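Structural overview
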Amino acid sequence: MTEGNSEKEPITFVDNRKIDPETGEIRQPAADNGAAAAQAPESGNGAETGNGGDAQALADTISGELAERTADLQRLTAEYANYRRRVERDRKAAIDSAKASVVTELLGVLDDLDRARAHGDLESGPLRSVADKLSAALLKQGLEEFGSEGEPFDPTLHEAVQHEGSGHDPVIGIVMRKGYRFGDRVLRHALVGVTDGVADLTENADQPTEEASDVDAGANEQ
């Protein structure tokens with residue numbers, strides 16, 4: 001019976017030799033190979049998990065730095081735009097101030113031309129052409145004259161040297177010297193004589209008439 005079982009069951013054996021008889025190389029134990037194979041996937045999964053977390057943190061850092069750099073760029077752009085506007089405003093103010101200084105020096109020449117025109121010296125001849133060209137050039141640069149007879153009296157523009165009447169609606173009666181302004185800047189106030197306005201003159205004219213009417217009525221009663 002023992003002989004029958006031994007014939008049916010194959011005989012197996014495990015070669016535990018550490019050196020391969022055919023190649024002469026040192027063999028690794030099977031258990032160690034299985035453990036190393038089992039540990040390899042676990043190590044791979046951990047590395048993948050760690051790499052995923054590091055990538056997310058790096059992406060967050062880059063996004064934060066990009067937002068910060070964008071804010072800095074926007075702030076610098078706004079500061080540069082304000083700087084350009086300020087420089088342009090200062091440049092225009094400097095140009096206007098220089099023009100106003102030059103024009104102020106020529107006001108005396110304009111006064112002389114006005115006096116010559118009043119005496120009839122500019123009715124014809126080459127001096128009239130020079131006066132017209134000078135006036136046109138100054139007006140083109142922005143010079144404006146003000147102060148003429150009949151205009152309402154404005155103490156911010158006119159300087160009254162004489163006053164006739166006592167009304168509350170004063171107007172310019174006589175112009176002794178024209179006033180000039182350059183843009184919003186008053187270069188020189190006008191010297192004028194002030195008189196009563198039309199409304200005041202009308203009231204003053206009506207008042208004596210009423211008093212005379214009362215006197216005539218009293219005389220008729222007597």
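Source: prediction; values computed, not measured. (Residues numbered from 1 in each chain as written. Predicted model: local features only at pLDDT ≥ 70, side-chain atom pairs only at ≥ 80, totals over all residues. Heavy atoms only, no water.)

Moving on: the sheet that holds strand β3 (residues 170-177). Judged by pairing direction, the sheet is mixed, and its three strands sit side by side in the order β2-β6-β3 without closing on themselves. The open sheet terminates on both sides in strands that have one partner only, identified here as β2 (158-163) and β3. Mean inter-strand twist for the sheet, computed between neighbouring axes without regard to direction, equals 40°. Across six bridges, β3 lies against strand β6 (residues 190-196) in antiparallel orientation. (Pairing = 2+ DSSP bridges. Helix = DSSP H or I, 4+ residues; strand = E, 2+ residues; numbered from the N terminus. Axes fitted to C-alpha atoms, helices over the stretch in contact; angles between N-to-C directions.)

What follows covers the pattern of salt bridges. A full pass over the atoms with the stated rule returns ten salt bridges. Between E68 and R69 there is a salt bridge whose closest N-O contact spans 3.8 Å. With a shortest N-O distance of 2.7 Å, D72 and R75 are connected by a salt bridge. Here R75 and D72 lie together in helix α2 (residues 30-105), a separation of three residues that amounts to about one turn. R75 sits in the partly exposed class, given a relative accessible area of 43%. (Salt bridge = Lys/Arg side-chain N within 4 Å of Asp/Glu carboxyl O. Buried < 20%, exposed > 50% of the residue type's maximum accessible area, 1.4 Å probe, protein only.)

Ranked by size, the top nonpolar core spans 13 residues in total, and within it V103, L107, L110, L143 and L187 carry the most contacts. Of all the elements in the fold, those that place two or more residues in this core are α2, α3 (107-118), α4 (126-141) and β4 (179-182). The dominant element in this core, judged by the number of residues it contributes, is α3, at four residues. In contact with L107, not counting residues within four places along its chain, are Y180, L187 and R188. In terms of nonpolar packing, the next biggest core, distinct from the first, is built from six residues, F146, L157, V192 and V194 among them. (Core = buried A, V, L, I, M, F, W, Y, C linked by side-chain atoms within 4.5 Å. Contact = heavy atoms within 4.5 Å.)

Residue placement: S101 occurs in helix α2. Counting along the chain gives 86 residues from S101 to L187, while the straight-line C-alpha distance between them is 9.0 Å.

Along the chain, K99 turns up in helix α2. Expressed as a C-alpha distance, the spacing of K99 and L138, which sit 39 residues apart in the sequence, is 9.8 Å. The contacts of K99, once residues within four sequence positions are left out, are Q141 and F182. Here Q141 takes part through its side chain, which lies 3.3 Å from a polar atom of the side chain of K99. (Polar contact = N/O pair within 3.5 Å; in protein donor to acceptor, adjacent residues only side chain to side chain.)

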